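Each chain, letter by letter, is given below.
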Protein chains: 4
Amino acid sequence: MARGINKVILVGNIGQDPETKFMPSGGAVTNVSVATSESWKDKNTGQPQERTEWHRVVFFNRLAEIAGEYLKKGSKIYVEGSLRTRKWQGQDGQDRYTTEIVASEMQMLDGRGGDSNQGGYDQGGYDQSQPQQRQPAAQQRQAPQQNQAPQQGGYQQAPQQQPQQPQGGGFDSFDDDIPF
Amino acid sequence: MARGINKVILVGNIGQDPETKFMPSGGAVTNVSVATSESWKDKNTGQPQERTEWHRVVFFNRLAEIAGEYLKKGSKIYVEGSLRTRKWQGQDGQDRYTTEIVASEMQMLDGRGGDSNQGGYDQGGYDQSQPQQRQPAAQQRQAPQQNQAPQQGGYQQAPQQQPQQPQGGGFDSFDDDIPF
Amino acid sequence: MARGINKVILVGNIGQDPETKFMPSGGAVTNVSVATSESWKDKNTGQPQERTEWHRVVFFNRLAEIAGEYLKKGSKIYVEGSLRTRKWQGQDGQDRYTTEIVASEMQMLDGRGGDSNQGGYDQGGYDQSQPQQRQPAAQQRQAPQQNQAPQQGGYQQAPQQQPQQPQGGGFDSFDDDIPF
Amino acid sequence: MARGINKVILVGNIGQDPETKFMPSGGAVTNVSVATSESWKDKNTGQPQERTEWHRVVFFNRLAEIAGEYLKKGSKIYVEGSLRTRKWQGQDGQDRYTTEIVASEMQMLDGRGGDSNQGGYDQGGYDQSQPQQRQPAAQQRQAPQQNQAPQQGGYQQAPQQQPQQPQGGGFDSFDDDIPF
DNA sequence: TTTT
DNA sequence: TTTT
């Protein structure tokens, strides 16, 4: 249940191939960066200006699997979700904050999706509202990786349960501290 | 002009009285924190849980003046805007990032607004898209203040004019105190 | 699954007490009209103008019960939903079309809701995405009523199944032809 | 100024080439139908079902010119706008109502736009909020055409001024009764 | 880092 | 009437 409205709508292209990881529960987590941009003319010089905004989008469970499988660098997508700001500790021990969009719906907007569309995926919309805890095959847990200086923050501790869309499985604890 | 869609819609209550500052240009800048929350029952224990999300919202120019004048701690508002992540330097010299919602529209959702509603303000919606250069009065520029440990970042320098909604005219100086 | 996005967001006041009816399946259906308005100054005469738009909103099942129980004339609400245009036959046998917003989420925006808030309803948000087919007690079917010149159309025939949010119960046929 | 929020967001394909007409003021008006669809499985039979919703979208002025020039049957677009229900008289003298989305923003979502992109149009987003009353050249008024049995209504009388986005030019009266 |  |  919600008190208030916390809604984000994005249409943009993703900057890199998505990264999918798995939670101990088996649920997938996929992160992408989505670019939107604004262009305008400088009022004084008349010079064209452009500013690109990068949005960290995180998908869970079924949406994460779809995102991980079908999106790739350059894909144009529609994303609907909510804002969540996570607190984490920098290597200097200081608190950092990262704001992400937790996706609740995603649609691919690219035309004919090349080779990505075999296998029964019918290029429609995916809504987390009817989660069908599908256990992805071959979900070998990723080996711990070096903390790669996240753009604007990253998990340092096990992430909190995300309340947005309560899932069937557990979701509780990560056994290492470099979750995704 | 935009490439892509970058849209945020919030309905929530503001956590503190707004803070309005002025840019060198004379344009107002008002910051508020807006709370939205989610509640759910823990799947295992059945315990009720709640998570409150705080959103940093920034208003510019006319909207900033209205926000500064009429909003107060606890006000319920509708906000529409876009996400912007700013980079700033922590006191340790390290880069920090703060994500804010740059408001393009705001509406007060509280009932008859007590004493805030005399003076011709008719409790409607405010949209930055049709700026009607109204000259507000008596807004002595705030004295420089100490950098008060921002929640998740803050201006370090005088804020830049926000390119989001380029204004046609100057917008620089206000000379009287009756904004609208 | 969706192809494309069909989303409506309204914030407005309802014009009359809601009307709740029940489907043969027992599911509730509540209709309200929501007003939004625009005001502006005539470019030539400078006269203030106002236009109020009325939106037909329909709630199903749990949302319908909540709407029917807690909303009343004048209530300010947030509604999110999708557009649906229904075809029906006028008494002259001609086709008519009515466009409605099928609500998927609703929040009451009024302050402490007077006496409407006892009974466990905690004035939050209601989302149809986790339907908990509650069988409303005392759902005596309303007696057929006169077709009261609907604002912009009304069901003449049994309404089609609404695919938006598939429900558990049947939903198929009404045994009278003035459903709501 | 707005009291309340009246917002529609669509992503879909247009069903036919757009039709652009011009108002006496010279402002363009373009209409398109946008399809969105939902598919699901019948709960009883398990049969796949689909429902397509058609949305009447109207663009004014600059957006209308862009829509008229660059959109074509099958184009995928993002549209943001507001709902407006118009009243008109059927040929039987009876009132009819048609609900449309008055677009305030449009973006083309198709990939490289084929031949439509020469001439300086840079395939970005178009926002009516900074109207730059461009007088389209060669805007020979369309000859009156037969009232082609509109899908769900059509103007019979001169349309009212559309208050949404007040424009600079006149906008007042049509000299024939089959406006668009 | 995308896209135009 | 689109699209898959």
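Up top you'll find the structure we're talking about.
Reference entry: report on the structure contained in this document. (Residues numbered from 1 in each chain as written. Chains lettered and ligands numbered in written order. Predicted model: local features only at pLDDT ≥ 70, side-chain atom pairs only at ≥ 80, totals over all residues. Heavy atoms only, no water.)

### Describing the environment of A:Leu71
Residues and elements named next belong to chain A. Within the secondary structure, Leu71 is located in the loop between helix 1 (61-70) and strand 6 (76-89). Leu71 sits 65 residues away from Asn6 along the chain, and the two C-alpha atoms are 25 Å apart. Excluding residues within four positions of it along the chain, Leu71 makes contact with Ile14, Pro18, Val32, Phe59, Ile66, Ile77, Met106 and Met108. (Helix = DSSP H or I, 4+ residues; strand = E, 2+ residues; numbered from the N terminus. Contact = heavy atoms within 4.5 Å.)

### Observations regarding the relation of the copies chain D and chain A
For the pair chain D and chain A, the superposition axis carries a translation of 0.0 Å, the fit reaches an RMSD of 0.1 Å, and the rotation angle comes to 180°. Given the turn and translation reported, the copies of this chain are related as if by a two-fold rotation axis. With an isologous cut-off of 70% or more, the 100% of interface residues of chain D that recur at the interface of chain A puts this contact in the isologous class. (Least-squares fit on C-alpha atoms with pLDDT ≥ 70 in both.)

### Notes on the interface of chain D and chain A
At the interface, five residues of chain D touch five residues of chain A. Buried area between chain D and chain A, summed over both chains or domains, comes out near 460 Å², and the portion from carbon and sulfur atoms is 80%. Summed over the three residues of chain D that lose the most area to chain A, namely D:Ile9, D:Val11 and D:Leu109, the buried surface amounts to 67% of that side. Joining chain D to chain A, the criterion identifies zero salt bridges. Summed over the shared surface of chain D and chain A, the number is zero residue pairs in polar contact (both at pLDDT 80 or more). Counting residues per element, the ones that place at least two in the side of chain D that touches chain A are strand 2 (5-14) and strand 6 (76-89) of chain D. Here the residues of the side of chain D that touches chain A are counted per class, giving four nonpolar, no polar and one charged. (Buried area = accessible area lost by both parts, 1.4 Å probe. Salt bridge = Lys/Arg side-chain N within 4 Å of Asp/Glu carboxyl O. Polar contact = N/O pair within 3.5 Å; in protein donor to acceptor, adjacent residues only side chain to side chain. Nonpolar A, V, L, I, M, F, W, Y, C, P; charged D, E, K, R; others polar.)

### Section: the pattern of salt bridges
In the structure shown here, the tally under the stated rule is 32 salt bridges over all chains. In this structure, C:Glu100 engages C:Arg86 in a salt bridge whose closest nitrogen and oxygen atoms are separated by 2.8 Å. On the criterion of sequence distance, the pair formed by C:Glu100 in strand 7 (residues 95-108) and C:Arg86 in strand 6 (residues 76-89) is long-range, its members being 14 residues apart. Judged by its relative accessible area of 0%, C:Glu100 falls in the buried class. Counted as one network, the salt bridges with shared partners bring together A:Lys7, A:Glu80, C:Lys7 and C:Glu80. (Buried < 20%, exposed > 50% of the residue type's maximum accessible area, 1.4 Å probe, protein only.)

### Structural notes on helix 1 (residues 61-70) of chain B
A large share of helix 1 of chain B lies buried, amounting to eight of its ten residues. Within helix 1 of chain B the residues assigned to the buried category are B:Asn61, B:Arg62, B:Leu63, B:Ala64, B:Glu65, B:Ile66, B:Ala67 and B:Tyr70.

### Some remarks on helix 1 (residues 61-70) of chain D
Taking burial as the measure, the ten residues of helix 1 of chain D include seven buried ones, the bulk of the element. Of all the positions in helix 1 of chain D, only D:Asn61, D:Leu63, D:Ala64, D:Glu65, D:Ile66, D:Ala67 and D:Tyr70 are classed as buried.

### Description of the side chain of B:Ser37
Note that B:Ser37 resides in strand 4 (residues 28-41). The class of B:Ser37 is buried, set by a relative accessible area of 9%. Here B:Glu50 takes part through its side chain, which lies 3.3 Å from a polar atom of the side chain of B:Ser37. When neighbours within four sequence positions are excluded, B:Ser37 is seen to be in contact with A:Met1, A:Ala2, A:Arg3, B:Glu50, B:Arg51 and B:Thr52.

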